[in-house]
Amino acid sequence: MNLEFKRFALHYEGIVIKFPQHKFIKKELLSLIDNTKSEKFGSVSRTDWKSIEDDLRDRRYFDLFINQATPLLRNVFYDFFKLDKQFNNPKIFFWFQQYSESAYHPIHDHLNSDYSLVYFLDLPSKDSTVFYNQFYDTYQTVEAEEGDIIIFPSIHQHTSLPSNQKTVIAMNFRFFN
């Protein structure tokens, strides 16, 4: 698979990659998300994050996304992050977030995971995720467009800047115990 990607380096490297199936599944994913039980969380307009541990929640949007994205993700984790056998059985946590009316997500990290992913499903204009490198006390802005996937080590603190319209699917991968 020929991967088109951009690298970015904080303390550990991350990657921005185009999701080739984006235009084929966007409409269906948004429809499934619209019909998923959710609530407001902080400044985030809609999310199912609070149900992250609930095995009974509606996961049709996730099933559609992961079935289409697995070959791409397998290649990224094998070729870029050099994770060979670990990808065969990672523990995956997932949720969606929708932003409107200048909603944002404050700086945070995902310390209970190894890698995190943000898929920009609906994004009318370019957006940025800002990463904070706590080791060097520096910030780095990583731009994304609709259809991009950002994958980065979960240790990196990051924030979603205010947005008037954005839908993302987020995932945390735990490869190691």
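Our subject is the structure listed above.
What comes next is a walk through the structure. (Residues numbered from 1 in each chain as written. Predicted model: local features only at pLDDT ≥ 70, side-chain atom pairs only at ≥ 80, totals over all residues. Heavy atoms only, no water.)

With that out of the way, let us pick up the overall build of the protein chain. Secondary structure assignment for the protein chain yields two helices and 10 strands. In sequence order, the secondary structure elements of the protein chain are arranged as β-β-α-β-β-α-β-β-β-β-β-β. Going through the 177 residues of the protein chain one by one, you find that 49% of them count as buried. Counted over contacts in the protein chain with a minimum sequence separation of 6, partners at least 24 positions apart contribute 77%. Per element, the accessible surface of the protein chain, about 9,400 Å² overall, is 48% carbon and sulfur. (Helix = DSSP H or I, 4+ residues; strand = E, 2+ residues; numbered from the N terminus. Buried < 20%, exposed > 50% of the residue type's maximum accessible area, 1.4 Å probe, protein only. Contact = heavy atoms within 4.5 Å. Areas by Shrake-Rupley, 256 points an atom, 1.4 Å probe, with all protein chains shown as cover.)

Right, let's talk about the pattern of salt bridges for a bit. By the definition in use, this model includes eight salt bridges. The shortest N-O distance in the salt bridge between Glu145 and Lys18 comes to 2.9 Å. Placement of the pair is Glu145 in the loop between β8 (138-144) and β9 (148-153) and Lys18 in strand β2 (residues 13-18), with a sequence separation of 127 residues. Classification of Glu145 by relative accessible area gives partly exposed; the value is 33%. Asp63 serves as the salt-bridge partner of Arg59, at 3.1 Å between the closest nitrogen and oxygen. In this structure Asp63 comes out as partly exposed when scored by relative accessible area, which is 30%. Beyond isolated ion pairs, a larger network of salt bridges with shared partners links Lys18, Lys126, Glu143, Glu145 and Asp148. (Salt bridge = Lys/Arg side-chain N within 4 Å of Asp/Glu carboxyl O.)

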